[in-house]
Amino acid sequence: MNSELIFYINGKKIVERHADPEEMLLAYLRRKVGLTGTKYGCGGGGCGACTVMVSKYDPIEETVIHRAVNACLQPVCSLHGAAVVTVEGIGSTKTKLHPVQERIAKAHGSQCGFCTPGMVMSMYTLLRNKPQPTIEDIRESLGGNLCRCTGYRPIIDGFKTFCEAQTCCQNDEINGKCCMEDDQFHNKESDISEELFNTDDFLPLDPTQDLIFPPELLLLAKQDRGEQLCFQGERVKWISPADLKDLIRLKADYPNAPLLVGNTTLGPKMNLKGTIHPVVIYGGDIPELRAIKWKKNSGVTIGAGCNLSVLKETLLKGIQDLGPEKSRIYQALVETLQCLAGKQIRNMATIGGNILSANPKYDLSSILAAAQCTLHIVSYDGARELNLSEEFFTGFGKTALRSDEILFAIDIPHTGPWEFLSTFRQAQRREFAFSIVNAGMKVVFRPDSNIVKNLDIFYGGVGATLVQARQTCKKLMGRPWDEKLLAEGIQLLEEEITMPSTVPGGQEEYRKILVLSFFFKFYMQVLLELKEKEVDVTGLSLDYLSALKPFKNEVPQGNHSFQLVSETQSISDPVGRPNVHQAALQQATGEAVYYDDIPSVKGELFVFMVTSTRAHAKIISIDASVALAMPGVVTFISAQDVPGQNRRLWFNNPEEVFAEEEVICVGQIIGAIVAENREQAKRAADQVAITYQDIQPVFFTIEEAIQHQSFFEPKRKLERGNVEEGLEKADYILEGEMYMGGQEHFYMETQGLIAIPSGEAGEMDLYVASQHAAYTQEVVGITLGIDSNKITCHVKRLGGGFGGKVMKIATLSAITATAAYKTGRAVRCALERGDDMLITSGRHPFLGKYKVGYMNDGTIVAADITYYSNGGCSLDESSFIMEKALLHMDNGYKIPHLRGRGLVCKTYLPSYTAFRGFGGPQGLTIIESVLHEVAVKCGLPAHQVRDINMYKDEMCYTHHKQLFSPRDMVRCWTECLEKSDYHQRQLYIQQFNAHNHWKKRGICIVPQKFGIGFSKGFYNQGAALVSIYKDGSVLVSHGGTEMGQGINTKAVQIASRILKVPMSTIHIKETCTGNVPNAAPSAASFGTDAVGMAVKNACEKLMGRLEPLITVHPQYTWKQLVVEAYCQKISLSATGFFMGPHTSIDWEKSEGPAYYYFTFGACCSEVEIDCLTGDHKNIRTDIVMDVGRSINPALDVGQVEGGFVQGIGLYTIEELHFSPEGVLLTRGPSQYKIPALCDVPPQLNVHLLSDAENPHAIYSSKGIGEPPVFFGCTLFFAIKEAIAAARRERGLSDSFSLSSPATAEKIRMACEDCFTRMVPEDKRVKSKPWAINV
Ligand SMILES: Cc1cc2nc3c(=O)[nH]c(=O)nc-3n(C[C@H](O)[C@H](O)[C@H](O)COP(=O)(O)OP(=O)(O)OC[C@H]3O[C@@H](n4cnc5c(N)ncnc54)[C@H](O)[C@@H]3O)c2cc1C
Ligand code: FES
Ligand code: FES
C-alpha cells in the first residue's frame, strides 16, 4: 500500500504524503499552494470559476489527454500521475502573457474579472487540444463558464480570433441575409467607429510556450502501479485500487463505500450538503472501466467509467461510420449530451455515474432505457447482466445493483431500419441546467408499414424514479401511426403519468403537459421519418413541422458603433477612446487580488454564520456547547458579544446585527462560530442548537401582506394632473396587474472580508468586498464602540457587486469585526454561495395594480398605479427603491394624468436590498405593461401606442415636474427602429407566424428615460486624493469602488488628460477610507460622475501649481517638472471634491428635480418560442444608447451589454423559489439560472448615440451602469407577443396575464391548447404548493 500522491502543478512536482480525501483541488490550490488565480464561485460545478486543466496519460489512447475540469469537484487524491495547469501556469504579466489571457483582456472580455481565469482555462484547454478551433468548439468549451458582468459577447469576440475561418452573425436562418453581406452594418459615417479593439498587435499562439507533460509522469503512467494508493483523512479514508481485480475485492470488503469516479454527483453532496462516506473507493484509474468496444453490426460497449465528453466523441465517430439509420440512438444521445451540463462537468462525469446516481432529472437513463441497453455488472461473486429498465431504479438514488457490485459497462445497440428513437428534455435554461422533464421514446414498425410493432416511452423528472409509460405503449402496439393513435396516446399518457402534489420541484401541471407535448413531438418526428421512407402517412401538416426543429445554440456576436473623438484631440489624450480595463491583464492572469485571495494572516480564524431556520419565532435558547467542543472551534459569538451596539443603522432605521430575542426570517443571523479553519467553522455551525417558539402571524407574499395591511413607512405617492377627471374623459378603462419576481445578484464573488485587529488603541483594518466602504466603516465602529478614525476599510476590487454589496456586507463586517475583537486575532469571512443567497437576498418582487383610461387611438389619458414591493423583514433600502420605482413610472411617456402610490410590504422573508436599477426596472416595466395591454385592447401595434404616448416636445416636464429635453430619447427610438429594421422584421414575423403552428415569434421595442444620480441629494458628492511622486508616477485614490464597471480606468483616463501624462504613469491601488473619507456608495450610475469630477478637480489643482513652472521651463519633461516642483516646495498632493447637484423631491407636493439628468435609450428584441415546451430563443437585440460623449466606449458598450444580459435573466429565466415555510429553495447555480452563453441573442448590436451632449456630467458623458437592465423587458414583451400570436391562432384572447420572469413553464401554460386543456384548472392540484410566489 502506498500513500504518496505524486502530481504536478504548473510544472512543479508535488509529493503529498498527507492528502486529505475530503480536500478538493480548488482548496488545495488556493490555500496550500497559494495559487489564488483559480476562483471559488459555487463549490458544486455550476459556475466554472474554478476551471483548471488536468492532463493525464491515457493508457488506452496511449496519449496525454488534456481536460478542463472544475477544481471544486476534483479530489486531490484523484490526481496521482496528473499534471495540473492553472491560470498562473500559462502566462503572467511578469514573464509573458499567454495569447488567451491577452485576447480576453484586450477584447474587453474582463470586467470584474472574477470569471476570467476560468474562461481563460477553458479556452486554453481547447487550444491545447485543437489549436485552430471552430466557433462551435469555442461555444462548447465556454458553455460551463458563467459570467455575470460582460454578457459574454466580448469574450467570444476575443477568443474567436483563434479561429481560422471568419465568422458571421449566423443570421442566415433568420431573414435569409447574412450580416456580412448587409450594408447597414458597415458604417459609412466617417466619425463613427465599429472597432472596440485592434487585433493587429495580438501575440500569436505559440505552442512552444506551453508547459510540457512532465516526462516523470509519463514514466509513472506506463509503469504498473501494482499496489493500492491509500490516504487517511480526519473522517474519510480514500483507496485507489491497484487494478480491476483489486477494485472488485475492495467493493466486496467495503460494500458501503461509494465508487467515486467523476465525483460530480458525490462531490456536490459532500461539499454542499455535508455528506460523509468513511471509506471512498476511487474508480477513475481503472482503464478497463473506460474501455470502448464497437461490435460489428450490433452496437457499442461503453465502459461505465467513460466520461461524457469521450462518450460524445465516440458516438459522433460512430454516427459518421454507421450512417443515419443504424445510429439513431447515438444521434439522440449526442443531442442530449450537447446540452447536458457544461464541458468541464462532461469531462469529469461518467456514464456509469449518471445512471447509478438514479436521479430522475439526469438525462441519460430515459434514453438508454428506451434503447434497451444492457448493463454489465461485476462483483467478487462473478458477473451478470441487467436490462436498463424502470425496475432497475428502485427509488430516488437507488438501483437494483447490490452494494458490492460494480457497473462495468453498458451495451448500446444500433438501430434497425424500422426503429426510430428520440429524446427530449426541457430545462430552466437550454444548456448547463438539469432537465425539468426528460424523455426517451422508441418505436419499432413492422417493415415497410406504419404499424407499431413495439413502443417504449420513458420519462425522467415525473416521479422519484424513471417512469415507463407501460400501459400506453401496450395499448398502442399493433396500431397504425396515425392521428387516432396520437389522440389516444395523449389520452392514455394523461391518465398513466401522474404526479403527486408534493412532488419535489413542483410544476406538476407543466411537467404533465411536457409529458404530452414530448409525445406529440415524437409522433411528428416519426411521421416525417416514415414519410421519408415512403410509407403512406396522413396528417403531416407543414405548419406543424415547426414542432420538430430544435433551437440552434449559437454564439453571440454583434455590431457596435460609437463616435470617434474629434480629429483635433491630442493623440495622447485617452478620454473618449476604448481603452482596456486597467486591471484586465491582471484579471486574465489570475494576479488580480480579491479579498479572499489575500494570504492568511498569522493566527487567522474563520467565522461561519449560524442562521435562523424559522421565519417568525421567539428565540428560547441557544446552545453552542456541542459546537464549542469540536476540533478547532475557538468561540461562538452572538448579540451578547457585541462590544458596542448590536445594530446597523440606516437613515434612522435600525436593524439588528445578530437577532437577539426574535427571528423574523429564515436566514437571519443569530450567531457565528469562530474556528481555526473554514471546514471546522462550518461543521461546528451546524451543531449549534437553537430552540424557537413560533410566533404568529407569519406570511411571505405581497398579497398576504396586503391582507394583513403590513407595510413599512413611509408610503409614497406621486401625482400629476387629475387622474379621476382623466379617467372620466377616457374612451375606455382598463384595469389589471403585473407581477415581477425578484432577482438574486449572483455576483461571481460571494460576500466576505478579512478583519485584522492591530492590537493597538482598538485599530482595525478590514479588507472587504464593499460597494460602500464608508458605511461599512461606520457600522463596524458602532458595533465595536470604536470611533471611525480607528477603523480602516480597504477595497481593492469586487468580483461583481450590482448593488448587493452596499448594505449586507456592513452587517457581515460588523460580525467578523466582533469576532476579531473578541479573539484578538484576524478573522476571515467568506460566504458560501448557498449562504450568500440565503442571507443577503436581492431585488424586490413588485406587484403593480393599475387602472388606466385610454382613447381609441391608444393615447393614454390617465393612469392610476399602485406599486407594492416585497420588502422582506426589514426596511433596508426598500423605501428608496420604491421611490425610484415611482420616479420612473412615466418612463418616456407623457401621460397627462398620472398617479403612483408605493407601498413596501413587510413580510417574513430575508430583507430585500439594492440591485442594479434600484426599483427603476420595476417602475418602468409596469408602465410598459400598461402600454402593451392598451395596444392589445386597441388592436394596435405596441410600438405605435408607445410612439403616440411618447414625450416629444423640445422641453417637457416629468410627472415630478423636472424639466428635461426628450430629444435624444426620440433620436434613440428612431435610430433603433431603423437599425433594427423593425418594420421589415415585423412583416417577416407575421409571415413566419402564419406558417408555423408550434413556433411563434414576437418583437418588441421600448424607449427609456432613466434618472441618474441619487435622489437623496447629499449623496451626490465625490472626493479624490491625487499624489505625484518624485519619479513622476501618479497615485490616484478616490471614493468609488471598482467592481468591474471600469471606474478606475475612467478615473485614470481623466487624470491622464489633465496631467498630460500617459495612463501607464498613473496607478490606483485601492479604495481606502483612510485616504478618502465619507465617500458615497458606488451606485445609482453615478460613480464616474462623482469620482471623475473629483479626480479632475484634484488634477486641476495640481496642474494649477505646476503651470508657472511649465511656463518657465517649457522644455522640461514631466519628471523634471515634478522634481523641480518638489525642490521648490510645491505640494504634489491634492484632494479633489465634487459637490454634485442638490437633487430632491418634495413628496407632499409631488415635485422636485429628483435626478441630475437622464440617460436615454431604446431597445428592440425578437424572440421565438416553442409553444409545445415553453422554450424560447432570443434571436436578435438592437440597442441604441445615449451615453452623452462616452469617456470610454468599450467600457460603456460593456455596461450596456452586461446590464442587458442581467435583464435577460431578470425577465426570462431567473426565478427564486421559496417554500411555503419561507425557506429559500434556490441556493446555487444548480437551482437558480443566470444567463449563460446560450441565452445571449446571437445578434446583439449596440450603438452609442452620436452627437449626444450632456452639460451636466464630466466631459459631457452620462452614467450608464443601471439603465440597460430594463431592456431585458423587450424579451418579456416580445415573448408575450409570440404567445399572443399562438393564442390568436387557437381562437383565444390575446389579452392574458403573464408575470415576469417569462419562464418556460409560464410560456407553455399561457400557450393554451389541446394539451393544456387536458389538465384543466379544476383538475389541477390545489394542495400545499411546493413553492410560493412571493
Ligand atoms: C453542475 C452539474 C450539472 C449537471 N447537469 C446534468 C444534466 O444536465 N443532465 C444530466 O443528466 N446530468 C447532469 N449532471 C450530473 C452528472 O452527469 C452526473 O453527476 C455524473 O454523470 C455522475 O458521474 P460521476 O462519475 O461523476 O459519478 P460519481 O459522483 O463519482 O458517483 C455517483 C454515484 O454513482 C456510483 N458509481 C459511479 N460509477 C459507478 C460504477 N461504475 N459502478 C458502481 N457505482 C458507480 C457512485 O458510487 C456514486 O454513488 C450534472 C452534474 C453537475 C455537477
Ligand atoms: S466553484 Fe467550481 S464550478 Fe463553481
Ligand atoms: S467579468 Fe465575468 S463575472 Fe465579472
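Above this text sits the structure in question.
Small disclaimer: the values here were computed from a predicted structure and weren't measured. (Residues numbered from 1 in each chain as written. Chains lettered and ligands numbered in written order. Predicted model: local features only at pLDDT ≥ 70, side-chain atom pairs only at ≥ 80, totals over all residues. Heavy atoms only, no water.)

Notes on the overall build of the protein chain
A tally of helices and strands in the protein chain yields 37 helices and 50 strands. Over its C-alpha atoms the protein chain spans a radius of gyration of 31 Å, differing by no more than 12% from the 34 Å that the globule rule assigns to 1334 residues. Its C-alpha atoms give the protein chain principal-axis dimensions of about 95 × 80 × 70 Å. Out of the 1334 residues belonging to the protein chain, those deemed buried represent 66%. Across the protein chain, contacts joining residues at least 24 apart in sequence account for 78% of those joining residues at least 6 apart. Surface exposure of the protein chain reaches about 46,200 Å², of which carbon and sulfur atoms provide 51%. Of the charged side chains in the protein chain, 135 are positive and 152 negative, and the gap between their average positions amounts to 2 Å. (Helix = DSSP H or I, 4+ residues; strand = E, 2+ residues; numbered from the N terminus. Rg over C-alpha atoms; globule rule 2.2 N^0.38 Å. Buried < 20%, exposed > 50% of the residue type's maximum accessible area, 1.4 Å probe, protein only. Contact = heavy atoms within 4.5 Å. Areas by Shrake-Rupley, 256 points an atom, 1.4 Å probe, with all protein chains shown as cover. Lys, Arg positive; Asp, Glu negative; His and termini not counted. Charge placed at Lys NZ, Arg CZ, Asp CG, Glu CD.)

Regarding the sheet that holds strand E45 (residues 1066-1067)
Hydrogen bonds between backbone groups are what pair the strands of a sheet, and the pairing can be parallel or antiparallel. One open sheet accounts for four strands, arranged E45-E44-E43-E47; its pairing is mixed. Taken across any chain shown, the strands that pair with only one partner, and hence form the sheet edges, are E45 and strand E47 (1133-1139). Bridge count for strand E43 (residues 1021-1028) against strand E44 (residues 1034-1038) is five bridges, and the pairing is antiparallel. Counted as the bridge partner of Val1026 is Val1036 from E44. Where helix H31 (residues 1047-1059) meets the sheet, its contacts fall on E44 and E45, and the angle it forms with E44 comes to roughly 130 degrees. (Pairing = 2+ DSSP bridges. Axes fitted to C-alpha atoms, helices over the stretch in contact; angles between N-to-C directions.)

Side note on the pairing of strand E8 (residues 237-240)
Across four bridges, the pairing between strand E7 (residues 229-232) and E8 is antiparallel. Residue pairing for E8: Cys230 is matched across the bridge by Ile239. The antiparallel hairpin formed by E7 and E8 contains four residues in its connecting segment. Sheet analysis places E8 next to strand E10 (residues 279-282), joined by three bridges and oriented parallel. Looking at the pairing, Trp238 lines up with Val280 of E10.

Focus: the site of ligand 1
The local shell around ligand 1 holds 29 residues, among which Gly262, Thr264, Thr265, Thr350 and Asp363 are the closest. With respect to ligand 1, the backbone of Asp363 contributes an N or O atom lying 2.6 Å from an oxygen atom. In the environment of ligand 1, an oxygen atom lies 3.3 Å from a nitrogen or oxygen atom belonging to the backbone of Ala433. Contact with the protein chains covers 94% of the free accessible surface of ligand 1, which is 980 Å². For the shell around ligand 1, the elements supplying multiple residues, two or more each, are strand E9 (259-260), helix H13 (351-356) and strand E17 (406-413). Here the residues of the shell around ligand 1 sort into 17 nonpolar, ten polar and two charged. (Near = heavy atom within 4 Å. Polar contact = N/O pair within 3.5 Å; in protein donor to acceptor, adjacent residues only side chain to side chain. Nonpolar A, V, L, I, M, F, W, Y, C, P; charged D, E, K, R; others polar.)

Overview of the pattern of salt bridges
The final tally for this structure, using the stated rule, is 90 salt bridges. With a closest N to O distance of 3.7 Å, Arg683 and Glu22 form a salt bridge. Of this pair, Arg683 sits in helix H20 (residues 678-685) while Glu22 sits in the loop between strand E2 (12-16) and helix H1 (25-33); the two residues are 661 residues apart in sequence, bridging distant segments of the chain. Residue class for Arg683 comes out partly exposed when judged on its relative accessible area of 22%. Members of the salt-bridge network, linked through shared partners, are Arg30, Lys39, Asp596, Asp597, Glu604, Arg678 and Arg828. (Salt bridge = Lys/Arg side-chain N within 4 Å of Asp/Glu carboxyl O.)

Quick word on the nonpolar core
Among the nonpolar cores identified, the biggest contains 343 residues, and Tyr459, Trp481, Phe519, Met609, Ile673 and Trp1118 are the most heavily contacted of them. The greatest single-element share of this core, amounting to 14 residues, is contributed by helix H17 (residues 508-532). Each residue touching Ile673, except ones within four places of it in the same chain, is listed here: Phe606, Val607, Phe608, Val610, Ala627, Val633, Thr635, Phe636, Ala681, Ala684, Ala685 and Val688. Judged by nonpolar contacts, the second largest core, of 73 residues, contains Ile14, Leu29, Val54 and Ala332. (Core = buried A, V, L, I, M, F, W, Y, C linked by side-chain atoms within 4.5 Å.)

Considerations on the sheet that holds strand E6 (residues 192-193)
What the six strands build is an open sheet, ordered E6-E22-E50-E49-E48-E42; its pairing is mixed. With partners counted over all chains shown, the strands left at the sheet margins are E6 and strand E42 (999-1012), one partner each. Direction of pairing for strand E49 (residues 1176-1186) relative to strand E50 (residues 1243-1248): parallel, over a ladder of six bridges. Bridging from a neighbouring strand, Arg1180 pairs with Gln1243 of E50.

Brief notes about the side chain of Arg899
By the element assignment, Arg899 lies in strand E39 (residues 897-905). Residue Arg899 is classed as buried on the basis of its relative accessible area of 6%. Setting aside residues up to four positions removed in sequence, Arg899 forms contacts with Lys717, Leu718, Glu719, Val723, Glu724, Ala863, Asp864, Ile865 and Met889.

As for the side chain of Arg648
Of note, Arg648 is situated in strand E26 (residues 647-650). Engagement of the side chain of Arg648 in a polar contact is seen with the backbone oxygen of Met807, the distance being 3.1 Å. Filtering out sequence-adjacent residues up to four positions away, Arg648 remains in contact with Asn653, Pro654, Glu655, Val657, Tyr775, Val779, Met807, Lys808, Ala810, Thr811 and Asp876.

Describing helix H16 (residues 483-496)
Spanning 14 residues, H16 covers 20 Å between terminal C-alpha atoms, matching the ideal 20 Å at 1.5 Å per step. Taken together, the buried positions of H16 are Leu485, Leu486, Gly489, Ile490, Leu492, Leu493 and Glu494. Looking at the packing, one finds that the buried side of H16 touches strand E20 (452-460), helix H15 (470-476), H17 and helix H37 (1314-1318). (Expected span 1.5 Å × (residues − 1).)

Some words on the packing of aromatic side chains
Aromatic ring pairs are defined here through the distance separating the ring centres and the angle between the ring planes. This model, assessed by the stated rule, comprises 42 aromatic pairs. Here Trp650 and Phe651 contribute two aromatic rings whose centre-to-centre distance is 4.9 Å and whose plane-to-plane angle is 80 degrees, an arrangement assigned as edge-to-face. The class of Phe651 is partly exposed, set by a relative accessible area of 32%. Here Phe1276 and Phe1277 contribute two aromatic rings whose centre-to-centre distance is 5.1 Å and whose plane-to-plane angle is 85 degrees, an arrangement assigned as edge-to-face. Judged by its relative accessible area of 0%, Phe1276 is buried. We classify Phe1277 as buried; its relative accessible area is 0%. Connected via pairs of aromatic rings, a cluster forms that spans Trp650, Phe651, Tyr775, Phe880, Phe1014, Phe1018, Tyr1019, Phe1086, Phe1138, Tyr1156 and Tyr1157. Across from the ring centre of Phe964, 5.6 Å away, lies the NZ or CZ of Lys1009, which sits over that ring. The ring centre of Phe1296 lies 5.3 Å from the NZ or CZ of Lys1280, which sits over that ring. (Phe/Tyr/Trp six-rings, centres within 6.5 Å; stacked < 30°, edge-to-face > 60°. Lys NZ or Arg CZ within 6 Å of the ring centre and 35° of its normal.)

Here's the deal with the state of the cysteines
One pass over the full model with this rule turns up zero disulfides. Summary of cysteine pairing: Cys306 is not part of a disulfide, and the nearest cysteine sulfur, belonging to Cys373, is at 14 Å. Cys306 sits in the buried class, given a relative accessible area of 2%. Not engaged in a disulfide, the cysteine Cys665 finds its nearest cysteine sulfur in Cys873; these two sulfurs lie 3.8 Å apart. (Disulfide = S-S within 2.5 Å.)

A look at the environment of Gly902
Mapped onto the elements of the fold, Gly902 is located in strand E39. Owing to a relative accessible area of 0%, Gly902 belongs among the buried residues under this scheme. Each residue touching Gly902, except ones within four places of it in the same chain, is listed here: Lys715, Arg716, Tyr867, Met882 and Leu886.

A short note on the packing of helix H34 (residues 1193-1213) against helix H35 (residues 1273-1289)
Running from amino to carboxyl end, H34 crosses H35 at an angle of 40 degrees, the nearest separation of the two axes being 7 Å. In terms of axis orientation, H34 runs oblique to H35. Contacts between H34 and H35 involve Phe1204, Ile1208, Tyr1211 and Thr1212 on the former and, on the latter, Cys1273, Thr1274, Leu1275, Phe1276 and Ile1279. Partitioning the contact of H34 with H35 into residue classes produces seven nonpolar, two polar and no charged. (Parallel < 35°, antiparallel > 145°, perpendicular 65-115°, else oblique.)

A short note on a negative patch on the surface
A cluster of acidic residues, Glu656, Glu660, Glu661 and Glu662, forms a negative patch on the protein surface. Note that Glu660 resides in the loop between strand E27 (653-656) and strand E28 (662-663). Its relative accessible area of 40% is what places Glu660 among the partly exposed residues. (Patch = residues over 30% accessible without salt bridge, like charges linked within 9 Å, V, L, I, M, F, W, Y side chains within 5 Å.)

Points about unusual backbone geometry
Look at the link from Gln696 to Pro697: it is a cis peptide, with omega at 0 degrees. Looking at the secondary structure, you find Pro697 in the loop between strand E30 (689-694) and helix H21 (702-707). Pro714 follows Glu713 through a cis peptide bond whose omega is 0 degrees. One non-glycine residue, Asp448, lies in positive phi territory at about 55 degrees. The backbone of Phe918 sits at a positive phi, close to 50 degrees, despite the residue not being glycine. Within the secondary structure, Phe918 is located in the loop between E39 and helix H27 (920-938).

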